Amino acid sequence: MLREIRPAIVLLLVLAAITGLAYPLAMTAIAGALFPAQAQGSLIEKDGKVIGSALIGQEFKDDKYFHGRPSATVAPDPSDSTKTVPAPYNAANSGGSNLGPTSKALADRLKEDVEKLKAENPSAAVPVDLVTTSASGLDPDISPEAAQFQVPRVAKARNLPEEAVRQLVASNVQGRMLGLLGEPRVNVLALNLALDGASAK
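Reading the values: rules and limits
- Starting afresh in each chain, residues are numbered from 1 along the sequence in its written order.
- For this predicted model, a pLDDT threshold of at least 70 governs which residues receive local features, and a threshold of 80 or more governs which side-chain atom pairs are given and counted, while totals over whole chains, interfaces and linings are taken from all residues.
- Excluding hydrogens and water, the side-chain values take into account all heavy atoms of the structure.
- Put simply, DSSP marks the helices as runs of H or I at least four residues long and the strands as runs of E at least two long, and each gets a number from the N terminus on.
- Only protein chains enter the accessibility calculation, which uses a 1.4 Å probe; a residue whose area is less than 20% of its type maximum is buried, one above 50% is exposed, and one in between is partly exposed.
- A pair of strands counts as paired when DSSP detects no fewer than two bridges linking them.
- Salt bridge, as applied in this entry: a Lys or Arg side-chain nitrogen positioned within 4 Å of an Asp or Glu carboxyl oxygen.
- The definition of a nonpolar core used throughout is a set of buried Ala, Val, Leu, Ile, Met, Phe, Trp, Tyr and Cys residues joined through side-chain atoms within 4.5 Å.
- Contact definition: two residues touch when any of their heavy atoms are within 4.5 Å.
- A fitted line through C-alpha atoms represents every axis, and for helices the fit uses only the stretch in contact; the resulting angles, taken between N-to-C directions, go from 0 to 180 degrees.
- Angular relationships are summarised with four words: roughly parallel below 35 degrees, roughly antiparallel beyond 145, roughly perpendicular across 65 to 115, and oblique for the angles in between.
- Here is the rule for handedness: rotate from the far helix to the near one, and if that takes an anticlockwise turn smaller than a right angle the crossing is left-handed, while a clockwise turn gives right-handed.
- Charged residues are taken to be Asp, Glu, Lys and Arg, nonpolar residues to be Ala, Val, Leu, Ile, Met, Phe, Trp, Tyr, Cys and Pro, and polar residues to be all remaining types, Gly included.
- Directions pointing from the helix axis toward each C-beta atom define the arc.
- Positive charge is attributed to Lys and Arg, negative charge to Asp and Glu, and no charge count is given to His or to the chain ends.

(A) View of the environment of Val 114. With respect to the helices, strands and loops of the structure, Val 114 is situated in helix α3 (residues 104-120). On the basis of relative accessibility, which here comes to 23%, the residue Val 114 falls in the partly exposed class. Between the C-alpha atom of Val 114 and that of Pro 127, which follows or precedes it by 13 residues, the distance is 9.2 Å.

So this is what it looks like as structure tokens:
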């Protein structure tokens, strides 16, 4: 019986070593050599300090910054571990709200958010990505329309000409990958860093 079991055990160990150790190490080494920034998490640095990732959104509340999509991620409530509390862009608990189109809570939140944004910029239609969450809750990008919608607020808060801020948005628009995949987008963290740089001049 041992003669029949030994080849199976040897094959199991060999395949485990190949697929569980050799292959992942080889792919990690190749990714690190060909795409070093992406392999390290697409980290963004400012003054030698990591301030975020191009792949994970951050919450910006100040009027002088562009705001990202709403995030529905949560974290355990510190005072009651059986409950959760909102924790925007919590990468440890990625996920959407799972609220459906018939949800009253979702409808109420959307109505409140739309009214707030209309008060901020009454002359423009509210872009849908400024009121809807992404499936992951971590989306770092907004549409160019969502960025342009926020220009009057940001320009006023920074005492900058609107046209200068619009040009900054336009220069931070990333096109479709290979000209085909995805939609044009603006990375909110990168745009806010460019905005800080422009305001400092």
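(B) Quick peek at the sheet that holds strand β6 (residues 173-174). With respect to topology, three strands assemble into an open sheet ordered β5-β7-β6, the strand pairing being antiparallel. The outermost strands of the open sheet, each flanked by one partner alone, are β5 (141-142) and β6. By the bridge criterion, two bridges tie β6 to strand β7 (residues 185-187) in an arrangement that is antiparallel. Directly across from Val 173, in β7, lies its bridge partner Val 186.

(C) Structural context of the pattern of salt bridges. Per the counting criterion, the structure on display carries 11 salt bridges. The closest approach of N and O atoms between Arg 109 and Asp 113, which form a salt bridge, is 2.6 Å. In this pair, Arg 109 and Asp 113 both sit in helix α3, four residues apart, roughly one turn of the helix. Of the residues examined, Arg 109 reaches a relative accessible area of 26% and is grouped as partly exposed.

(D) Inspection of the nonpolar core at higher detail. The biggest cluster of nonpolar side chains holds 22 residues, and the ones touching the most others in it are Phe 66, Ile 142, Ala 147, Val 165, Val 169 and Leu 191. Elements with a minimum of two residues in this core: α4 (144-158), α5 (162-171) and α6 (188-200). For this core, the element with the highest residue contribution is α4, accounting for six residues. Apart from the residues within four sequence positions on either side, Ile 142 is in contact with His 67, Gly 68, Arg 69, Asp 129, Ala 147, Gln 150, Arg 185, Val 186 and Val 188.

(E) Representation of the packing of α4 against α5. At a minimum axis distance of 9 Å, the contact between α4 and α5 shows a crossing angle of 150°. Taken together, the axes of α4 and α5 are roughly antiparallel relative to one another. The handedness of the crossing between α4 and α5 is right-handed. Each of Pro 144, Ala 147, Gln 148, Val 151, Pro 152, Val 154 and Ala 155 in α4 lies in contact with α5, whose residues at this interface are Glu 162, Val 165, Arg 166, Val 169 and Ala 170. The class makeup of the residues in the contact of α4 with α5 is nine nonpolar, one polar and two charged.

(F) Inspection of α5 at higher detail. Among all positions in α5, only Val 165, Leu 168 and Val 169 are buried. Buried positions in α5, seen along its axis, are confined to an arc of 100° and lie on one side of it. When the buried face of α5 is taken as reference, the exposed residues oriented beyond 90 degrees from it are Gln 167 and Ser 171.

(G) How the structure looks around the side chain of Asp 129. Relative to the helices and strands, Asp 129 is located in the loop between α3 and β5. Within the buried set, Asp 129 has no salt-bridge partner at all; the shortest N-O distance to an opposite charge, 5.4 Å, is to Arg 69. Setting aside anything within four residues of it in sequence, one finds Asp 129 in contact with Arg 69, Pro 70, Ile 142, Ser 143 and Ala 146.

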